[in-house]
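Next come the chains, spelled out residue by residue.
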Amino acid sequence: MCNPKCSKVALIIINIIFILLGLGLLIPGILVIINDDGINEKVLPALQTVDFGVSNFGDLAKGLSITLIVMGSFVLVLSLLGGCGACCEAKLLLTIYSIVVVILFIGKLVIVILWIVFKADVESKLKAEMKTGLLKFTNDDLVTDEVSTGWNYLNMNFECCGIDAVTGTGANNDYTGSVWYTGGGTDELPKSCCPSATSSSYTSTCTFTNGATPTGQHPTGCYNALKDFADKYSIAFICVGVFILLVEVVAVIFACSLCKNIGKDHVV
């Protein structure tokens, strides 16, 4: 086991690393919130029609960024606790620090295992629920219906169309079962599927005539577009998370070592 000075220096360095890792969680969370071109208040009503367990995808997407910010802030506070415990050689602080780190380690390990086991089922369920949610699409405009407006903004913000990529009519078009289409829609796809449609000029230059194969629409389905958007931030989150797990193990070892030596030398 390391001597007290070695353990103290190592623990201080580890908690400096914790501070950097905390920022690594905090910054992506802030970026998701300020990225108004992604999942914003216009898009959320559509995603809130997508059931996801006891909640819905919209609320979960909104809560993800907050979760990252909270986790990042918690890691920063934890690093300060460990740093103060090491600098002051405070046995109580180091004990609390070690217990919290062990609990976090076990919790994150369980989450990682569950995600690996159920990832495919979750993604399959999510796509199916998105298709169900799209059936509630009723209006091809940006003002009449909040949910339909949300789907239209989703298409425009993420440059996507349908849940799966639209490759033709009938079974290959997710909109054909929607209220808008079955209620007498004159087009195969809403104008938001066309690259020319924007929030300031909601018009289409694409060929979406009812009964004809659509041409010119966004080539990507919204499920894959959202998945790519999530992956962009989750890669950083996963890398930081895995590194935190490794650092936590080392932190507990040095914290326990320092506690043991403090007990031999003096009582804090």
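Look up: the structure comes first, before these words.
Heads up: these notes are all about the structure in this document.

Here is what the cut-offs are and how they apply
- Residues numbered from 1 in each chain as written.
- Predicted model: local features only at pLDDT ≥ 70, side-chain atom pairs only at ≥ 80, totals over all residues.
- Heavy atoms only, no water.
- Helix = DSSP H or I, 4+ residues; strand = E, 2+ residues; numbered from the N terminus.
- Buried < 20%, exposed > 50% of the residue type's maximum accessible area, 1.4 Å probe, protein only.
- Disulfide = S-S within 2.5 Å.
- Axes fitted to C-alpha atoms, helices over the stretch in contact; angles between N-to-C directions.
- Parallel < 35°, antiparallel > 145°, perpendicular 65-115°, else oblique.
- Left-handed = near helix turned anticlockwise from the far one by under 90°.
- Contact = heavy atoms within 4.5 Å.
- Nonpolar A, V, L, I, M, F, W, Y, C, P; charged D, E, K, R; others polar.
- Patch = residues over 30% accessible without salt bridge, like charges linked within 9 Å, V, L, I, M, F, W, Y side chains within 5 Å.
- Areas by Shrake-Rupley, 256 points an atom, 1.4 Å probe, with all protein chains shown as cover.
- Salt bridge = Lys/Arg side-chain N within 4 Å of Asp/Glu carboxyl O.
- Expected span 1.5 Å × (residues − 1).
- Polar contact = N/O pair within 3.5 Å; in protein donor to acceptor, adjacent residues only side chain to side chain.
- Core = buried A, V, L, I, M, F, W, Y, C linked by side-chain atoms within 4.5 Å.
- Phe/Tyr/Trp six-rings, centres within 6.5 Å; stacked < 30°, edge-to-face > 60°.

### Quick notes on the overall build of the protein chain
The number of helices and strands found in the protein chain is 7 helices and 2 strands. Along the protein chain, helices (α) and strands (β) appear in the sequence α-α-β-β-α-α-α-α-α when read from the amino end. By residue count, 41% of the 268 residues in the protein chain fall in the buried class.

### Side note on the state of the cysteines
By definition, a disulfide links the sulfur atoms of two cysteines through a covalent bond. The full count for this structure, using the stated rule, is 3 disulfides. Covalently, Cys160 is tied to Cys222 through a disulfide, its sulfur atoms 2.1 Å apart. With the S-S bond torsion at 85°, the cross-link from Cys160 to Cys222 turns out right-handed. Placement of the pair is Cys160 in the loop between helix H5 (146–158) and helix H6 (179–182) and Cys222 in helix H7 (residues 222–265), with a sequence separation of 62 residues. For Cys160, a relative accessible area of 0% corresponds to the buried category. Using a relative accessible area of 1% as the deciding quantity, one classes Cys222 as buried.

### A few points about the packing of helix H3 (residues 57–88) against helix H4 (residues 91–134)
H4 packs onto H3 with a crossing angle of 155° between their chain directions and a minimal axis gap of 11 Å. Looking at the two axes, H3 sits roughly antiparallel to H4. When the axes of H3 and H4 are compared, the crossing they make is left-handed. When H3 is examined against H4, the residues Phe57, Phe74, Leu78, Leu81, Gly82, Cys84, Gly85 and Ala86 are found in contact with a partner set consisting of Leu93, Leu94, Ile96, Tyr97, Val100, Val101, Leu104 and Leu126. Its residues assigned to classes, the contact of H3 with H4 shows 14 nonpolar, 2 polar and no charged.

### Considering a nonpolar patch on the surface
Taken together, the side chains of Val102, Ile106, Leu109, Val110, Val112, Ile113, Leu114, Ile116, Val117 and Phe118 make up a nonpolar region of the molecular surface, amounting to roughly 870 Å² of accessible area. Within the secondary structure, Val110 sits in helix H4. Take Val110: its relative accessible area is 43%, and that puts it in the partly exposed class.

### A look at H5
Spacing of three or four residues puts side chains on the same side of an α-helix, whose turn is 3.6 residues. Between the first and last C-alpha of H5 there are 18 Å, a value that for 13 residues agrees with the 18 Å anticipated at 1.5 Å per step. Extensive coverage of H5 is indicated by the burial of 11 of its 13 residues. Taken together, the buried positions of H5 are occupied by Val147, Ser148, Thr149, Gly150, Trp151, Asn152, Tyr153, Leu154, Asn155, Met156 and Phe158. Two or three places before Val147, at the start of H5, stands the capping residue Asp145, its side-chain oxygen 3.4 Å from that residue's backbone nitrogen. Of the residues one or two after H5, Glu159 is the one with positive phi, at around 50°.

### Here's the deal with the nonpolar core
Within the largest apolar cluster, 35 residues are counted, with the highest numbers of intra-cluster contacts made by Met130, Trp151, Leu154, Phe158, Tyr175, Leu189 and Leu226. Going through the elements one at a time, helix H2 (44–47), H4, H5, H6 and H7 are the ones with two or more residues in this core. Broken down by element, this core gets its largest block of residues, 6 residues, from H5. Within the second largest apolar cluster, 21 residues are counted, among which are Phe18, Val75, Val247 and Ala251.

### Focus: the packing of aromatic side chains
Tallying each qualifying case throughout the model produces 5 aromatic pairs. Judged by centre distance (5.3 Å) and plane angle (90°), the rings of Phe158 and Phe229 are edge-to-face. Of the two residues, Phe158 sits in helix H5 while Phe229 sits in helix H7, which places them 71 residues apart along the sequence. Overall, Phe158 belongs to the buried group, its relative accessible area being 12%. With centroids separated by 6.4 Å and ring planes inclined at 65°, the aromatic side chains of Trp180 and Tyr181 adopt a geometry described as edge-to-face. Joined through ring pairs, the aromatic side chains of Phe137, Tyr175, Trp180 and Tyr181 make up one cluster.

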